[in-house]
Amino acid sequence: MSLNTVWFILVTILFIGFFFLEGFDYGVGILLPILGKNDVERRTIINAIGPVWDGNEVWMVTAGGALFASFPNVYATLFSGFYLALVLMLVALITRGVSFEFRGKRPDKSWRSLWDWAIFTGSLLPALLWGVAVANLMRGFAIDQQMNYYGGLLPLLNPYALLGGLVFVALFTMHGANFLARKVSNSIAERAKKLAFSVWIAATALTVVFVVWTFFATDILTKPGLNGLIPAILAALALLTNGWLIRSGKSGWAFITGSLVIVFATLMVFVGLYPRILISTLEPSWSLTIVNAASSPYTLKVMSIVAAIFVPIVLIYQGWTYWVFRKRVESNPEKLTY
Amino acid sequence: MDPLILSRWQFAITTIYHFFLVPLTLGLSILVAIFESRYVATGDEAYLRLTKFWGRIFLINFAAGVVTGIVQEFHFGMNWSGYARFMGDIFGAPLAIEALLAFYLESTFIGLWVFGWDKLPKKVHLAAAWLVAIGSNISALWILIANSFMQNPVGYAIENGRAVMTSFLALITNPNLPYQFFHVFAAGLCTAGFMVLGFSAWHLLRKQETDIELFRKAFRWAAVFALVGALAVGLVGDAHGKFLGKTQPMKIAAAEALWSTQDPADFVLVASIDEENAENKFEVTIPSALSFLLYNRFTGPVEGLNDLQEDAVQMYGPGNYIPPVTISFWSFRIMVGAGLLMLLLALLALIKPRIKFLDRSRLFMKLLLPAMVLPYIASTFGWILTESARQPWIVYGLQKVQDAVSPNVTAGTVLFSLILFTILLGGLIGVTGWLMFKSGTSQPQPARTAE
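Residues numbered from 1 in each chain as written. Chains lettered and ligands numbered in written order. Predicted model: local features only at pLDDT ≥ 70, side-chain atom pairs only at ≥ 80, totals over all residues.

Draft legend 1. Structural context of the domain arrangement of chain B. All names here are of chain B. Each domain of chain B was delimited in the assignment, giving domain 1 (3-248 + 324-450) and domain 2 (252-323). Of note, the centres of domain 1 and domain 2, computed from C-alpha atoms alone, are 30 Å apart. At the junction of the two partners, domain 1 supplies 17 residues and domain 2 supplies 15 residues. Where the side of domain 1 that touches domain 2 is concerned, the elements lending two or more residues are α7 (212-247), α11 (325-351) and α14 (374-388). It is α11 that provides the largest number of residues to the side of domain 1 that touches domain 2, a total of five residues. For the side of domain 1 that touches domain 2, the class distribution of residues is eight nonpolar, seven polar and two charged. (Domains from an automatic or database assignment. Contact = placed C-beta atoms within 7 Å. Helix = DSSP H or I, 4+ residues; strand = E, 2+ residues; numbered from the N terminus. Nonpolar A, V, L, I, M, F, W, Y, C, P; charged D, E, K, R; others polar.)

Draft legend 2. Highlighting the environment of I233(A). By the element assignment, I233(A) lies in helix α9 (residues 229-247). Sequence separation of I233(A) and A265(A) is 32 residues, and the distance between their C-alpha atoms is 9.3 Å.

Draft legend 3. Here's a closer look at the nonpolar core. Among the nonpolar cores identified, the biggest contains 285 residues, and L180(A) and A226(B) are the most heavily contacted of them. Ranked by residue count, the leading element in this core is helix α3 (residues 81-115) of chain B, at 22 residues. Each of domain 1 (3-248 + 324-450) and domain 2 (252-323) of chain B accounts for three or more of the residues forming this core. Among residues more than four places away in sequence, those in contact with L180(A) are V28(A), L31(A), L35(A), I45(A), A48(A), I188(A), A189(A) and A192(A). (Core = buried A, V, L, I, M, F, W, Y, C linked by C-beta atoms within 7 Å. Buried ≥ 20, exposed ≤ 12 C-beta atoms within 10 Å, placed from the backbone.)

Draft legend 4. Representation of the pairing of strand β4 (residues 279-286) of chain B. Residues and elements named next belong to chain B. Of all eight residues in β4, zero are buried; the element is thus mostly exposed. Sheet analysis places strand β3 (residues 267-274) next to β4, joined by seven bridges and oriented antiparallel. If you follow A271 over to β4, its bridge partner there is E283. Turn length for the β3-β4 hairpin, with the two strands adjacent in sequence and antiparallel, is four residues, and the turn residue A278 shows positive phi of about 55°. (Pairing = 2+ DSSP bridges.)

Draft legend 5. How the structure looks around the confidence of the model for chain B. Residues of chain B with pLDDT of at least 70 account for 99%, and the chain-wide mean is 92. Listed scores for the predicted complex are pTM 0.92 and ipTM 0.90. (pLDDT = per-residue confidence, 0-100.)

Draft legend 6. Inspection of the packing of α11(B) against α14(B) at higher detail. All names here are of chain B. In contact at an axis separation of 8 Å, α11 and α14 are set at 150° when each is read in the N-to-C sense. Overall, the two elements α11 and α14 adopt an arrangement that is roughly antiparallel. By crossing handedness, the relation of α11 to α14 is classed as left-handed. Mapping the contact onto sequence places I327, S328, S331, F332, I334, M335, A338, G339, L341 and M342 in α11 and L374, P375, I377, A378, F381, G382, I384, L385 and S388 in α14. (Axes fitted to C-alpha atoms, helices over the stretch in contact; angles between N-to-C directions. Parallel < 35°, antiparallel > 145°, perpendicular 65-115°, else oblique. Left-handed = near helix turned anticlockwise from the far one by under 90°.)

Draft legend 7. Quick peek at unusual backbone geometry. Residue and element names in this part refer to chain B. For the bond running from D263 to P264, omega is -5°, close enough to zero to count as cis. Relative to the assigned elements, P264 resides in the loop between α8 (249-256) and β3. Each neighbour pair has its own omega, and for Q391 with P392 the value is 5°, a cis peptide bond. Tracing the sequence through the fold places P392 in the loop between α14 and β5 (393-395). Its identity as a non-glycine residue notwithstanding, N160 has a phi of 45°, on the positive side. As for its position among the elements, N160 is in the loop between β1 (156-159) and β2 (162-165). Located in the positive-phi region is N296, a residue other than glycine, with phi close to 60°. In this structure, N296 sits in the loop between α9 (289-295) and α10 (305-316).

Draft legend 8. Spotlight on the interface of chain B and chain A. Each side of the interface is counted separately: chain B has 53 residues, and chain A has 52 residues. Of the residues forming the side of chain B that touches chain A, the biggest block, 22 residues, is contributed by α3(B). For the side of chain B that touches chain A, the class distribution of residues is 36 nonpolar, 13 polar and four charged.

Listed below in structure tokens is the structure:
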């Protein structure tokens, strides 16, 4: 296997990790004002992700960094092309990031509710924008011969991409509800379980429409050779099982199958893209691929060694963190960390 | 307006914002870890209270540092896609390694530190504090490896119109790196020192303060930090200057507003600079002092801007290779001035308990309050100097800033994001500063409830 393919796989893994971990963080943020009835409940919900959200967000930063190091042309084309969408995303991530820290620093109600809403929008907007971005990646956009996209924001907000955004929001919200059902005190967890099923119905409906549309509008599922059909089927099976498990109250298994939906869906996208990374709708040969967008073999080799050493270490200590905080967060105002 | 100019403004403003937050993270993470180490080693609960008190300020600052850092990472692709394409093969690697080695470490262990007080054994919790400190400083190391390449390219070749890495070892052992890293590291110690000195002074000045002993303890530690930091920052800076005299003579000439080559070269104390006519209208100089700064002797030629410009034209073709002289010249003087003032104050703070009149002086303690901004002034102007005086290059001798900008991002778009980021991040820094002030001037928690 060429190093270019190895790095395509590694970037895929980083995005899977990112969507899986930040997926429930975003979901929890979206659910914060819906499930949290008072300050103690909201703090409980925040503390369910409190120790881990920052480490989870690093998956996005690392995915970006890895893309830069291994496929710099993709980084350049994507980030300059999606400029305004990324500005919005940054605004959301900035406000969300400080909210967790700032919120508890003042006791007054208006201060806390300000940051609660910042967490809500700061989670909703990135979820939506990542969905829009991924849908555009699947369908391609107008990349010219010099690897630049001049179209601006509006063509990226096409109906197909917006539907992709809604799918992401629904899936992440469901993922977050499944997570909270396992992570917070019972009264909130019960509400999370109920809500999870309603969100599951919405997510399933949106996903079905999106997949059908994907079948006709893109070649992700139909490309000859390697395509995203098998992961798509696995994702569908996981989604159906997930609904059944939520319905029967098995929240632990529901969280696992919900996670598998995200894993397989992400896999579907990347397998469907391979060996392309950014598809040009103007001319197929202008697409950015694992060959024409890649770093030199030397850099890929160095980075492979670094990744082979440090990715397992990161996985071990991040996994350990989840073990340390495996217990439910109790809604006890005396014991909550602010 | 030109998207290039706007992108430069945006990068400058957001970087300066980011670097308002970074030095404190670098230094205070270490000081907090030391306090916790003292607590674990001695069982003295005063140190636990100090750990939590300064830890709170650290966290507020850290959160804002993280989010402004993400903006920086995105910028390289958003506004500088020409740079990302030309330099990505080299520049992407340290950036990705920074995320992999440092960001995961600090963000994971900060979570454990904040939420793990009653879940982890004391020593494991202490290890988390140190891993946050190590992670933060490793992060500085890798981003400076990247920046060092921009100042002093090594271990590369140009292939098919882009720079490719030929030696990873050369990249990470860039001779420019030790100067830059230890300069930044020492600045971090200094920033933390002055922050803790300032807030401790605030508490010690209060008539009804009940925690005198606690803040005296903090004050003593902070004085050591401030002095070690200020001293090291100056010594490393001086050595860096000598190194730059060889590798980036244009930067030295601009920082000194030296237009024509001199031997021995005078040090210009103040000057009225006329960039248009390439001369100083008026200047106060110390004879031969610049030669001394660069060579430790009172002779030796220092090349002037006009001669370096001619050399550069011969090497790189027609163009203006003189960086903004006024900005470089004054940034350098402001940085050094603030540094010397810090050195003096830190020294006085350290010897204060031994000198009677100083120990009783309320004025000196009051001086330490505004002195908290000195490290910020020094860091800001230090970066303005090092980045401005590299112009017109984004990578010294390899790529000009004008070739680095994204061709597909319009002026209106950049103007929009420039205004948005300036206001949003500016407001954010304001709130961060205000919360830190509130925290720093609040009463520390008693040890029991702090547990």
